[in-house]
Amino acid sequence: MSMASATSSSSSRHPSLRLRIALALALLSVIGIFTMALTLVLTIDESQEEFIDNELTNQIAYSMKIWRDSPAAAFPNTPDMQLYRLDAGPASGSASTAVPEVFARLPIGNHELIVDGREHHVAVREDDSGRYILAYDVEATEDRGRAMLVSVVIASLILGMVALVAGYLLAGRITRQIDQLAGAVERNAPGKLSDPKLDRELLAVAKALDGYRERQQALLERERAFAANLSHEIRTPLTAIRTDAELLAALPNLPEAATRRGQRIIDGTDRINRLATSLLLLAREASPAGAEEVRLSAAIEAVWKTLGAGSAIPAALNIEADPRATLSADPALIDLVLRNVLDNARRFSDTGATSCHLEGNRLTVTDSGPGFAPDELPKVFERFFIGQRGENGLGLALVRHVCDACGWQALARNTVDGHGQIVIDFGGQVRIA
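Residues numbered from 1 in each chain as written. Predicted model: local features only at pLDDT ≥ 70, side-chain atom pairs only at ≥ 80, totals over all residues. Heavy atoms only, no water.

> Sorry if this is basic, but what is going on with the sheet that holds strand β5 (residues 292-295) here?
Remark on secondary structure: sheet strands pair via backbone hydrogen bonds, oriented parallel or antiparallel. Taken in spatial order, the three strands line up as β5-β7-β14 in an open sheet, and their pairing is antiparallel. Among the strands making up the open sheet, the edge pair consists of β5 and β14 (430-432). The mean inter-strand angle of the sheet, taken between neighbouring strand axes irrespective of direction, is 40°. Across three bridges, strand β7 (residues 325-329) lies against β14 in antiparallel orientation. Directly across from L327, in β14, lies its bridge partner V430. (Pairing = 2+ DSSP bridges. Helix = DSSP H or I, 4+ residues; strand = E, 2+ residues; numbered from the N terminus. Axes fitted to C-alpha atoms, helices over the stretch in contact; angles between N-to-C directions.)

In structure tokens form, the structure reads like this:
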């Protein structure tokens, strides 16, 4: 998986930092506003209860005071209050028909009770002339309190949404620099990542990344220089060895065994030459040169013939590909990929056949040998990886290297029969011409 795809998949699994900051700010705002509003509502409700009790106490005291002189003036002037009176005397223990029974049974004092689903506050007092009962229907007051609570909840939600939007916009300014820095790292943008305009904490991260990039670049340069020098120094004596081996093999009347050994020396020097070329290619950026239309079927056959030219063991190749299928790419890089994939399949196929199947943009090369161990599949493209099938060397590492440079994909897997497969996906570049 490439870095870009890994980044995108990771981003899709986790919510953005910007959204989390906005949600946290909105949640804190809603909790804070709702807590303050609820505290205010409860405080008002408690004060209202105390006010109602004081109002009942004052009103019933007033009514009892003026009852003897002016009974009509003793009644309260609000429709929510009802004053009842029971005369003292033989019948004082029984309620009058005008007094609801639930009120008549109440003892002296202030009471709260529910009558017909409505809340009432009732004050009961008594003097030598009779018992006074003042009932206050507070349902309208309670309705106003509930309406206030609903208004507080709605206002809290509205303010929470406002805080969410404001937090999202504010967090955007905070995370924009992070996104820009991440994009610059992913694009491998030239120049310094650290910018004095960055926030202090982010500037420290950018400076650390700059230092890491410099160390990594220096390490790559040393590795490339070493590989290039090694490749150059190896080729000079190899050329001399190969020339001497060719001259030796061409001598007349040379024993057959000596001729075979001369050919083995030539094959060995060619193999070392290819290894030196591979090292040089791995040390450099394997960027494609001029693109040409290459017929894949013909290219596969040509590479297979060169692989079998120096081998005494015959090997069969089955090609299932449209002969008209072409790929527009650097011929040298296509040859390198095909050579290493087919050579890998040939080495592990023993005396069995190797098959190449081209379907759409995917070329599948299947050997007839034992497949990859499941735990080895992620590692087969590593340099000099040694698995149960032996050492892979640089071949498949070169294949992955070239595929990454050309925008292709290479993967290893096993068939249902247990054979090894290498799949090259040319990413939409195959055409039928």
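> Help me out: how do you make sense of the packing of aromatic side chains in this one?
Note on aromatic pairs: each is described by the distance of the centres and the angle between the planes. Across all of its chains, the model carries four aromatic pairs by this definition. Here the aromatic rings of W67 and Y132 are separated by 6.0 Å at their centres, their planes lie at 80°, and the arrangement is edge-to-face. Pair noted here: W67 is in the loop between α2 (17-66) and β1 (81-87) and Y132 is in strand β4 (residues 130-137), with a separation of 65 residues, a long-range link. With relative accessibility at 18%, the residue W67 sits in the buried group. Accessibility expressed as a relative area gives 0% for Y132, which makes it buried. Where Y84 meets F103, the ring centres are 6.1 Å apart and the plane angle is 45°; that geometry is what we call tilted. Of this pair, Y84 sits in strand β1 while F103 sits in helix α3 (residues 101-104), placing them 19 residues apart in sequence. (Phe/Tyr/Trp six-rings, centres within 6.5 Å; stacked < 30°, edge-to-face > 60°. Buried < 20%, exposed > 50% of the residue type's maximum accessible area, 1.4 Å probe, protein only.)

> Just to check I follow, could you spell out the sheet that holds strand β8 (residues 354-359) for this structure?
The sheet built from five strands is open, its strands ordered β6-β8-β9-β13-β12 with mixed pairing. Edge positions in the sheet fall to β6 (317-320) and β12 (409-414), since each of these pairs with one other strand and no more. Pairs of neighbouring strands in the sheet enclose a mean axial angle of 15°, with direction left out of account. Its contacts with the sheet put helix α9 (residues 395-406) on β12 and β13 (420-425), and the angle it makes with β12 is roughly 140°. (Contact = heavy atoms within 4.5 Å.)

> Would you mind showing me how to read the packing of helix α8 (residues 331-348) against α9 here?
Each pair of packed helices can be described by the angle between their axes along with the distance between the axes. Relative orientation of the contacting elements α8 and α9 amounts to 145°, with a least axis distance of 9 Å. At the point where α8 passes α9, the crossing takes the left-handed sense. Residue-level contacts link L333, L336, V337, N340, V341 and N344 of α8 to G395, L396, L398, V399, V402 and C406 of α9. Within the contact of α8 with α9, the residues separate by chemical class into nine nonpolar, three polar and no charged. (Left-handed = near helix turned anticlockwise from the far one by under 90°. Nonpolar A, V, L, I, M, F, W, Y, C, P; charged D, E, K, R; others polar.)

> Would you explain unusual backbone geometry in this entry?
The bulk of non-glycine residues show a negative phi, and the bulk of peptide bonds are trans. A positive phi angle is found at D116, which is not glycine, with a value near 55°. Given the relative accessible area of 77%, D116 is considered exposed.

It is worth stressing that arrangement in space is one thing and function is another; only the former is reported here.
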